[in-house]
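As a plain string of letters, each chain reads:
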Amino acid sequence: MALDKQIKYDLLQQTIYVHAPSSIGNAGESAYSGSPASRAARVELETGITTGTDNEEISYKYKILTESEIVRYSRVWLPGVSQSDAGLALLVLNNEPITGEKGENCGWWAYA
């Protein structure tokens, strides 16, 4: 189940740009092709620690709510930041689904 239309309108009023990696090399370096895509989001400035897929602790500064997943190692440009400069992008270090009462997916958190 996706976000309810009214909830989506109320919560996701910011626009971010997302550039997912097209590949990840053996040494862990990400490659990107194509152009960043705009996405509705809510960006929260919130310092914290999340647990990654390998149970490693990951520090983050931004928590980003979106309707669909932003994969790990994606570049994200916050609202008002030009996506033409890769150096201004944040790197998504972890993500997690938001689960509703009946187990349905209601959105995603991305941590950068």
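Look above for the structure.
A brief structural summary. (Residues numbered from 1 in each chain as written. Predicted model: local features only at pLDDT ≥ 70, side-chain atom pairs only at ≥ 80, totals over all residues. Heavy atoms only, no water.)

Comments concerning the overall build of the chain
In plain terms, the rule: Working definition: helices are DSSP H or I runs of at least four residues, strands are E runs of at least two. Numbering for both runs from the N terminus. The globule rule used for comparison is 2.2 Å times the number of residues to the exponent 0.38, while the radius of gyration itself is calculated over C-alpha atoms. Burial here depends on accessible area, computed with a 1.4 Å probe over protein chains only, as a share of the maximum for the residue type. Under 20% is buried, over 50% is exposed, and the range in between is partly exposed. Each accessible area value is a Shrake-Rupley result obtained with a 1.4 Å probe; residue values ignore everything except the protein chains displayed when judging cover. Charged-residue counts in this description rest on Lys and Arg as positive and Asp and Glu as negative, His and the chain ends being excluded. Charge coordinates come from a single atom per side chain, which is NZ of Lys, CZ of Arg, CG of Asp or CD of Glu.
When helices and strands are counted, the chain shows one helix and nine strands. Starting at the N terminus and ending at the C terminus, the chain contains elements arranged as α-β-β-β-β-β-β-β-β-β. For 112 residues, the compact-globule estimate of 2.2 N^0.38 gives 13 Å, and the chain sits close to it at 14 Å. Across its three principal directions, the C-alpha atoms of the chain cover 40 × 35 × 25 Å. Taking all 112 residues of the chain together, the buried fraction comes to 34%. Summed over all atoms, the accessible surface of the chain reaches about 6700 Å², with 48% contributed by carbon and sulfur. In the chain, 9 side chains carry a positive charge and 14 a negative one; their mean positions are 5 Å apart.

Re the pattern of salt bridges
How we decide: Salt bridge, as applied in this entry: a Lys or Arg side-chain nitrogen positioned within 4 Å of an Asp or Glu carboxyl oxygen.
In this structure the tally under the stated criterion is three salt bridges. Notably, a salt bridge pairs E56 with R72, separated by 3.4 Å at the nearest N-O pair. Of the two residues, E56 is situated in the loop between β4 (37-51) and β5 (57-66) and R72 in the loop between β5 and β6 (75-77); the sequence distance between them amounts to 16 residues. The class of E56 is partly exposed, set by a relative accessible area of 26%. On the basis of relative accessible area, R72 is assigned to the buried category, the value being 17%.

By themselves, these figures tell us nothing about what the structure is for.
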